[in-house]
Amino acid sequence: MSDFVGGNRNSRGVKRLAFLAFAGIGLALIATSFVLLLDDPSDSWLIAGVGVVCAAALELTWVRVGAVAHRSPMISLPVLALPALAPTLSLPVSAGLIALGVLLAILIESGRASVALYSAGLQGAGALAAIGLFTWFGAGGLPILVGVAAASVGYVFFIIATEVLRRRFVAGPLGRRSGGRPLSPFRVLLVLVGTVLVTVTAAHWSVVGLPFLVEVTNTLDAVIVLFALMIVASVVKVSTVMAVMRHRLAGMVAATSALAADPATGPSGRVTPTSPATTGIGATSGTAITSAADNTYPAASAADATPEPEPGSPAAVTDLLRRVVADAIGAESVIVRSEPAQPGEISMLLPLAGAIGPDQYIVARRDAMDGAFTGNDRRALQALATTAEMVVRARRNIAGLTLRANTDPLTSLPNYGAFQEALANINDHRDYSEALAVLFIDLDEFKRLNDRFGHQTGDEVLRELGRRLSAVVRPNDVVARVGGDEFVIILTHLASLAEAKSIAERILVVSGEPMLIGQTTHSPIISVGLAYSAHRETDVNQLVQDADRSMLAIKKSRRRGGPSKESSLNISSHRSSQMNDIIAHAIDEDLLELAFQPIVSLVTGQIWAFEALVRYTDPDLGPLSPPSIVEKAKGLGRLDAMTRQVAVKAMAAAADFRLIEPRVVCMTINVEAGQILPERVGNYIEELADRYPGISLCLELNERSMTKVTPAIRAQADRLRDLGMMIALDDYGSQDSSVDALVRMPMDILKIDRSLVDDLDDIRQREVLTALQGFGDNLEYSMIVEGVENDAMANHLSALGIRSAQGFHYGVPESFEKTLSRLELYGARAVVPRLGITLVS
């Protein structure tokens, strides 16, 4: 810490010394120029006035010599006026006039005398360095224009070196930790060449005269050259301002969009809950963030690190506001602190910050030599802060409405809708082997209590029961009121039914304890139905119904003379569905089988590919429905494991098929679009395809999964295609198909669903197929028509120019052994005698 403080003191000392040195140089040059001008003729004063204005115009025309906006040096080139002034005025006078022009320009632009004095001194010192080089080269007998060029180069290097050193040793932590190269070699070279060309041209015209037919005086020559420089500077300045305005407009649009977007929504599309109590704007005081031009921010020490704000929280909105402000208005840093802007900064009071603590300001800062903030910058900051306020208010309102919509007003517990959503979410995101239970609770004799003691007493009993239920469960459990006298509890992270029963029995004891309402003591009696789920459910509502039925069984028992003076628990016989266990076992033990259906060429009449389809036959239930297998595997979190098993078996089978019939060159398998990502099955498929170089693996993506295609999925599809795999869009033309699906994903094959070819005598179907075929030819993908069941359909398709087909006409899906037998008997023939092999579906 002492080193840091000492470093700050040293920095302030260097800064003060540099300011005094350059301010002294600037004031001395200005004073000298006035003294020397007193004895000059009146036309010298005219040139001096024009020179001051020209130097001021050139000073306001900034040139950046680094690649990173607002974080690399900017220089101006008022020295360009020196060659026009020198032939008429002395060199010291010219340097003083340049310093005066710079001083006036900075004072008018920023109103900061310290910055103006430093800039005037810097440019004056640069002019003196240029004059020194020019005099030295002239003394050596070199041509004047060579001396002018050398002086220009020396001036540029002096200014750039001074600014780099100032940023390094004086500008503070942000200047030293900004990252990236401080200079762009290309930009520096461009500035050097431009400066040399302009100064040499100005010097030439000032000495030999302008290229006019009519001769004019040297004074007029100098004035014209100075005016020409002012015009050029004005054009460059206007162009720069227009570019800045376009950038600010684009930044404002992007910033407004970013602030208006809901940061509580993560990549998964699920909303992250946000506490409605934290709906102000606030941030850690002094948190800094630099311009996002290159997405590089100052490094922070571990001690300075702050936790990532919760998505959707006020701190997250403030953090986002700092980022968009940095990019929209252009700033070296944007911080949030309790003090308003200091010189060289602009600030805005953070809206709503006072509601949760002391006032906080969002403060934007630029380097002193990077151009002052303008009124437009201040208005942009105000607009973004106002937008953030509107976003926070809207989010608070939405959070409040959502809370009210999902909360029971009497007990403040979640209501039935919130319970259903929570149960579905817990079931969908639990591990397959993680158990849960639903308790359905009914308060017995509640109507009689209401009739006898009044609704106010009944309401208080319900409130107290809700409090007791909430107190007895564990932190991850959910308690909700779902009806007049009915509550439900979701018990999560259970290891066994015995654990669920133990918690339920504790609920019975705690809920049945006497409660004093007014002057009367009540001993609630409840009926509890428990349904236990050992594995993830495909229909979680069945679990609720089973718990409800178990609870109703207690009430029926009481009406038939069962125990009526004590709370009771009834455990449902519900277990996770048998189908879940069967599919999980089949996948875990690698018991799935495949069937293969041929894909044929209508041009050659030969099989060129097979589609691998998953099959499983349970010893007790018999063959299971393939769609059911896929759906259950997805619900059980085993879809990727199943896909890997299908892929490896399919490619191994394809290799065996190819040994018998080399014209079989492709094997297709069915996957969902999201599965092709590397972290799911993408990497596995890449390695698998490498093992079988002679066989093309085609991934058939069902159209339903295409609605959630992300840029990452599209990029992965392109990568797989580059590696030699093919992408197909399956079942196009089925329900919910759209043209959008044809362009959403890179693909090689479009598979037409049977619903588009079930009546090829209909001209509309034929026209649709023709259009899709033409579309495919233009976009360079092939088309396969599914559902071809007879020779007439095949002839129709051939006449329409369709080149590939699939369907029962060419063969139903067969086991590996039967497919191998077919190839041995008939080779790649598309149509074979039905009696030759046994066809089973």
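Residues numbered from 1 in each chain as written. Predicted model: local features only at pLDDT ≥ 70, side-chain atom pairs only at ≥ 80, totals over all residues. Heavy atoms only, no water.

Participant: So what exactly am I meant to see when it comes to the overall build of the protein here?
Facilitator: For the protein, the count of helices and strands is 25 helices and 24 strands. By residue count, 48% of the 841 residues in the protein fall in the buried class. Relative to all contacts within the protein whose residues are 6 or more apart in sequence, the contacts with residues 24 or more apart total 70%. (Helix = DSSP H or I, 4+ residues; strand = E, 2+ residues; numbered from the N terminus. Buried < 20%, exposed > 50% of the residue type's maximum accessible area, 1.4 Å probe, protein only. Contact = heavy atoms within 4.5 Å.)

Participant: Even after reading the chapter, I still don't get unusual backbone geometry, so can you show me in this structure?
Facilitator: Note: most residues except glycine have negative phi, and most peptide bonds are trans. Positioned with a positive phi, serine 412 is a non-glycine residue whose angle comes to about 65 degrees. Relative to the assigned elements, serine 412 resides in the loop between helix H11 (375–405) and helix H12 (416–428). Positive phi outside glycine occurs at glutamate 445, with the angle close to 60 degrees.

Participant: Looking at this structure, I do not really get the sheet that holds strand S9 (residues 486–494). What am I missing?
Facilitator: By definition, the strands of a sheet pair up through backbone hydrogen bonds, in either a parallel or an antiparallel sense. Spatially, the five strands line up as an open sheet ordered S8-S9-S7-S12-S13, and their pairing is mixed. Both outer strands of the open sheet, strand S8 (478–481) and strand S13 (568–571), are each paired with one neighbouring strand and no more. Between one strand and the next, the sheet's axes are offset by a mean angle of 20 degrees, whatever the strand orientation. Strands strand S7 (435–443), S9, strand S12 (526–533) and S13 of the sheet are contacted by helix H15 (residues 497–511), whose axis makes an angle of about 165 degrees with S12. (Pairing = 2+ DSSP bridges. Axes fitted to C-alpha atoms, helices over the stretch in contact; angles between N-to-C directions.)

Participant: When you look at the packing of aromatic side chains in this model, what are you seeing that I'm missing?
Facilitator: Within a pair of aromatic rings, the relevant descriptors are the distance that separates the centres and the angle that separates the planes. Applying the stated criterion across every chain yields a total of seven aromatic pairs. On the numbers, 6.0 Å between centres and 40 degrees between planes, the contact of tyrosine 416 with phenylalanine 419 is tilted. In this pair, tyrosine 416 and phenylalanine 419 are both assigned in helix H12, three residues apart and thus about one turn of the helix distant. Note on tyrosine 416: relative accessible area 39%, which makes it partly exposed. Among the residues examined, phenylalanine 419 registers a relative accessible area of 1% and is labelled buried. Judged by centre distance (5.2 Å) and plane angle (90 degrees), the rings of phenylalanine 596 and phenylalanine 657 are edge-to-face. Of this pair, phenylalanine 596 sits in strand S14 (residues 593–601) while phenylalanine 657 sits in helix H19 (residues 639–660), and the two are 61 residues apart along the sequence. (Phe/Tyr/Trp six-rings, centres within 6.5 Å; stacked < 30°, edge-to-face > 60°.)

Participant: Quick question: what am I supposed to make of a nonpolar patch on the surface here?
Facilitator: Where nonpolar side chains cluster on the molecular surface, the patch consists of Leu189, Val193, Leu197 and Val198 and spans about 340 Å² of accessible area. Structurally, the position occupied by leucine 197 is in helix H8 (residues 185–208). Taking relative accessible area as the criterion, leucine 197 reaches 54% and is therefore assigned exposed. (Patch = residues over 30% accessible without salt bridge, like charges linked within 9 Å, V, L, I, M, F, W, Y side chains within 5 Å. Areas by Shrake-Rupley, 256 points an atom, 1.4 Å probe, with all protein chains shown as cover. Salt bridge = Lys/Arg side-chain N within 4 Å of Asp/Glu carboxyl O.)

Participant: Even after reading the chapter, I still don't get the pairing of S14, so can you show me in this structure?
Facilitator: If a strand is regular, its side chains alternate between the two faces of the sheet. For S14, the buried fraction is high: eight of the nine residues fall into the buried class. With nine bridges joining them, S14 and strand S15 (residues 606–615) adopt antiparallel strand pairing. When the bridges of S15 are listed, glutamine 597 appears paired with glutamate 611. Hairpin connection between S14 and S15: a loop of four residues separates the two successive antiparallel strands, and glycine 605 in this loop has a positive phi of roughly 70 degrees. Pairing analysis gives two bridges linking S14 to strand S24 (residues 814–815), with the strands arranged antiparallel. When the sheet's bridge partners are listed, phenylalanine 596 is paired in S24 with glutamate 814.

Participant: Is there a simple way to think about helix H24 (residues 791–799) in this case?
Facilitator: For an α-helix the count is 3.6 residues per turn, leaving residues at separations of three or four pointing the same way. Among the residues of H24, Met793, Ala794 and Leu797 are the ones counted as buried. Seen along its axis, H24 keeps its buried residues to an arc of 100 degrees; they face one direction. In this structure, the buried residues of H24 make contact with helix H23 (763–779) and strand S22 (782–785). A distance of 3.2 Å separates the backbone nitrogen of alanine 792 from a side-chain oxygen at the start of H24, and that oxygen is part of asparagine 790. Within two residues after H24, glycine 801 carries a phi angle of roughly 90 degrees, on the positive side. (Arc of directions from axis to C-beta. Polar contact = N/O pair within 3.5 Å; in protein donor to acceptor, adjacent residues only side chain to side chain.)

Participant: Would you mind going over H23 with me for this structure?
Facilitator: Its 17 residues give H23 an end-to-end C-alpha distance of 24 Å, which sits within 8% of 24 Å, the value for a rise of 1.5 Å per residue. Every buried residue of H23 is accounted for by Gln765, Leu769, Leu772, Gln773 and Gly776. In an axial view of H23, the angular spread of the buried residues amounts to 105 degrees, which keeps them on one side of the axis. Exposed and facing more than 90 degrees away from the buried side of H23 are Arg764 and Asn778. Glutamate 780 sits one or two positions beyond H23 and adopts a positive phi of about 65 degrees. (Expected span 1.5 Å × (residues − 1).)

Participant: Can you help me understand the pattern of salt bridges in this one?
Facilitator: Pairing is possible between side chains that carry opposite charge, provided their charged atoms lie close to one another. The tally for this structure, following the rule as stated, stands at 24 salt bridges. The salt bridge partner of arginine 468 is glutamate 464, with a shortest N-O separation of 3.2 Å. Placement of both arginine 468 and glutamate 464 in helix H14 (residues 455–472) is noted, with a separation of four residues, approximately one turn of the helix. The exposure class of glutamate 464 is partly exposed, given its relative accessible area of 21%.

Participant: Would you explain the packing of H19 against helix H25 (residues 816–826) in this entry?
Facilitator: Two quantities define a packed helix pair, namely the angle between the helix axes and the distance between the axes. Direction vectors running N to C along H19 and H25 enclose 15 degrees, while the axes themselves pass 9 Å from each other. As the angle between them shows, H19 and H25 are arranged roughly parallel. By crossing handedness, the relation of H19 to H25 is classed as right-handed. Contacts between H19 and H25 involve Ala653, Asp656, Phe657 and Ile660 from the first element and Phe816, Thr819, Leu820, Leu823 and Glu824 from the second. The class makeup of the residues in the contact of H19 with H25 is six nonpolar, one polar and two charged. (Parallel < 35°, antiparallel > 145°, perpendicular 65-115°, else oblique. Left-handed = near helix turned anticlockwise from the far one by under 90°. Nonpolar A, V, L, I, M, F, W, Y, C, P; charged D, E, K, R; others polar.)

Participant: What's the story with the pairing of S7 in this structure? I'm lost.
Facilitator: By the criterion of burial, S7 is predominantly enclosed, with nine of the nine residues buried. Here S7 shows a buried face lined by Ala435, Ala437, Leu439, Ile441 and Leu443 and a second buried face lined by Leu436, Val438, Phe440 and Asp442. Inspection of the sheet shows S7 paired to S9 by seven bridges, in the antiparallel sense. Across the sheet, isoleucine 441 pairs through a bridge with phenylalanine 487, a residue of S9. Both S7 and S12 contribute to a ladder of eight bridges, which runs antiparallel. The residue bridging alanine 437 from the neighbouring strand is tyrosine 532, located in S12.

Participant: Quick question: what am I supposed to make of the confidence of the model for the protein here?
Facilitator: Per-residue confidence for the protein gives a mean pLDDT of 79, with 81% of residues at or over 70. Low pLDDT, under 50, characterises residues 1–7; the predicted model gives this stretch zero contacts beyond four residues in sequence or across chains. Here residues 173–180 scores under 50 on pLDDT; set against residues more than four positions off or in separate chains, the count is 15 contacts. (pLDDT = per-residue confidence, 0-100.)

Participant: Before we go on, may I ask you to explain the side chain of aspartate 730 in this structure?
Facilitator: Checked against the element boundaries, aspartate 730 lands in strand S20 (residues 726–732). Non-local contacts of aspartate 730, meaning those with residues more than four positions away in its chain, are made with Asn670, Glu700, Leu701, Asn702, Glu703, Lys751 and Glu786.

Participant: Quick question: what am I supposed to make of the side chain of glutamate 59 here?
Facilitator: Inspection of the secondary structure assignment puts glutamate 59 in helix H2 (residues 42–59). For the buried glutamate 59, no salt bridge exists, and the shortest N-O distance to an oppositely charged side chain is 9.5 Å, to lysine 237. If near-sequence neighbours (up to four positions away) are discounted, glutamate 59 is found in contact with Ser76, Pro78, Val102, Ala105, Ile106, Ser119 and Gln123. (Lys, Arg positive; Asp, Glu negative; His and termini not counted.)

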